[in-house]
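# Structural overview
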Amino acid sequence: MKIPTARFSACVRYAFSILVALSVFSFQSHAQQATANLDRIASFMQAYNAHDINAMLLNMTEDVKWLNVANNQLVAETADKNQLNEAMQAHFKAKPDARSRIKDSIVLGNTIAIVEEAFSLKNGITSSQCAMSIYQLRKGLISSITYYATAKC
């Protein structure tokens, strides 16, 4: 069966327009996911700055991992929400003025690299240091945070 040229061209144009629409939808979905992931991290950071541990934990999976890289070794600080709760209580008790902000970020799917600036107050003087942190998200919640060595901002 022979398809008339005009009809074939119309089918090709229709198929092409569907492919373009799907690629735009896919790009929008990836962009929306990146925005949602960054919003989740910003919500976590806002709760951290308020020292609101319960609000911090709302942004986390039940099995959230808090990791630290020191001397080229990966150290698991916590393995779940309960351990993170305890660690944050001790952290805020030791550093009652602790706060942090996102200086820069790179999003690659559900993995977000953050340059984080942490502030502390000592003898009435505020100082800061920066660190690279890698956030991984699962189903819209933070499932792990890995902190790397600090450096001057």
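Right, let's get into the overall build of the chain. Within the chain one finds 3 helices and 6 strands. Residues classed as buried in the chain amount to 27% of the 153 residues present. For the chain, restricting intrachain contacts to residue pairs at least 6 apart in sequence, the fraction spanning at least 24 positions comes to 43%.

Let us now look at the packing of aromatic side chains. Summed over all chains, the structure comprises 4 aromatic pairs. Ring centres of Phe44 and Trp66 lie 6.2 Å apart, and the angle between their planes is 55 degrees; on these two criteria the pair is classed as tilted. Residue Phe44 is found in helix α1 (residues 5–49), and its partner Trp66 is found in strand β1 (residues 60–70); the two are separated by 22 residues along the sequence. Neither residue differs from the other here; Phe44 and Trp66 are each classed as buried. Seen from their ring centres, Phe44 and Tyr135 are 6.1 Å apart, and the 70 degrees between their planes marks the pair as edge-to-face.

Detail in the predicted coordinates should be disregarded across regions flagged by low pLDDT. Here the chain averages 85 in pLDDT, while 81% of its residues score no lower than 70. When mean pLDDT is compared element by element in the chain, helix α2 (residues 53–58) scores highest at 97, while α1 scores lowest at 68.

This next bit is on the side chain of Thr78. Take Thr78: it is sitting in strand β2 (residues 73–78). Here Thr78 is in contact with Val64, Lys65, Trp66, Gln83, Leu84 and Ala87, once residues within four sequence places are set aside.

To continue, consider the side chain of Thr146. As for its position among the elements, Thr146 is in strand β6 (residues 141–151). Those residues in contact with Thr146 that lie beyond four places of it in its chain are Leu67, Val69, Leu74, Met132, Ser133 and Ile134.

A few words on the nonpolar core. General note: in soluble globular proteins, nonpolar side chains tend to be found buried as a group. Grouped together as the largest cluster of nonpolar side chains are 22 residues, with contacts concentrated most on Phe44, Met60, Trp66, Met88, Tyr135, Ile142 and Ile145. Counting residues per element, the ones that place at least two in this core are α1, α2, β1, α3 (81–94), β4 (111–122), β5 (125–138) and β6. In terms of residue count, α1 provides more of this core than any other element does, 5 residues in total. Sequence-distant contacts of Ile145, defined by excluding residues within four places in its chain, comprise Phe44, Met60, Lys65, Trp66, Leu67, Ser133, Ile134 and Tyr135.

Analysis parameters
- Residues numbered from 1 in each chain as written.
- Predicted model: local features only at pLDDT ≥ 70, side-chain atom pairs only at ≥ 80, totals over all residues.
- Heavy atoms only, no water.
- Helix = DSSP H or I, 4+ residues; strand = E, 2+ residues; numbered from the N terminus.
- Buried < 20%, exposed > 50% of the residue type's maximum accessible area, 1.4 Å probe, protein only.
- Contact = heavy atoms within 4.5 Å.
- Phe/Tyr/Trp six-rings, centres within 6.5 Å; stacked < 30°, edge-to-face > 60°.
- pLDDT = per-residue confidence, 0-100.
- Core = buried A, V, L, I, M, F, W, Y, C linked by side-chain atoms within 4.5 Å.

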